[in-house]
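Here is how the chains run, residue by residue.
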Amino acid sequence: MPGKGPWKVVPDLSNRAVLVKNARSGFAHKVYFGTRTERTEDGAVTQATALCAVLNALKAKRP
């Protein structure tokens, strides 16, 4: 679970990616999966969730 904060995990199956999206600014980082990246969809979701958790933790620590 990525925790509470502005960063959310959003699937984007049309581009074979998982988005880590900021709810406030709209900025999104794509974590791709497929044969070129040699990453499965589950692996991409795991990586995106971890990235989201780190970003939310950093945001929570900021004053």
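Small disclaimer: the values here were computed from a predicted structure and weren't measured.

The rules we used
Residues numbered from 1 in each chain as written. Predicted model: local features only at pLDDT ≥ 70, side-chain atom pairs only at ≥ 80, totals over all residues. Heavy atoms only, no water. Pairing = 2+ DSSP bridges. Helix = DSSP H or I, 4+ residues; strand = E, 2+ residues; numbered from the N terminus. Axes fitted to C-alpha atoms, helices over the stretch in contact; angles between N-to-C directions. Expected span 1.5 Å × (residues − 1). Contact = heavy atoms within 4.5 Å. Buried < 20%, exposed > 50% of the residue type's maximum accessible area, 1.4 Å probe, protein only.

A. Broad picture of the sheet that holds strand β3 (residues 28–32). One open sheet accounts for three strands, arranged β1-β2-β3; its pairing is antiparallel. Only two strands of the sheet have a single partner each, and these edge strands are β1 (7–12) and β3. When the angles between neighbouring strand axes are averaged without regard to direction, this sheet yields 25 degrees. Relative to strand β2 (residues 17–22), β1 runs antiparallel, the two being bridged by six bridges. Within β2, the position partnered with Val-9 by the bridge is Val-20.

B. Quick peek at helix α1 (residues 41–61). Compared with an ideal rise of 1.5 Å per residue, which puts 21 residues at 30 Å, α1 spans 30 Å between its outermost C-alpha atoms and is within 8% of the ideal. Next to the buried residues of α1 lie β1, β2 and β3.

C. Just unusual backbone geometry, in detail. For Arg-16, which is not glycine, the phi dihedral falls at a positive 55 degrees. The phi dihedral of Glu-38 falls on the positive side, at around 55 degrees, and the residue is not glycine. As for its placement among the helices and strands, Glu-38 is situated in the loop between β3 and α1. For Glu-38, a relative accessible area of 75% corresponds to the exposed category.

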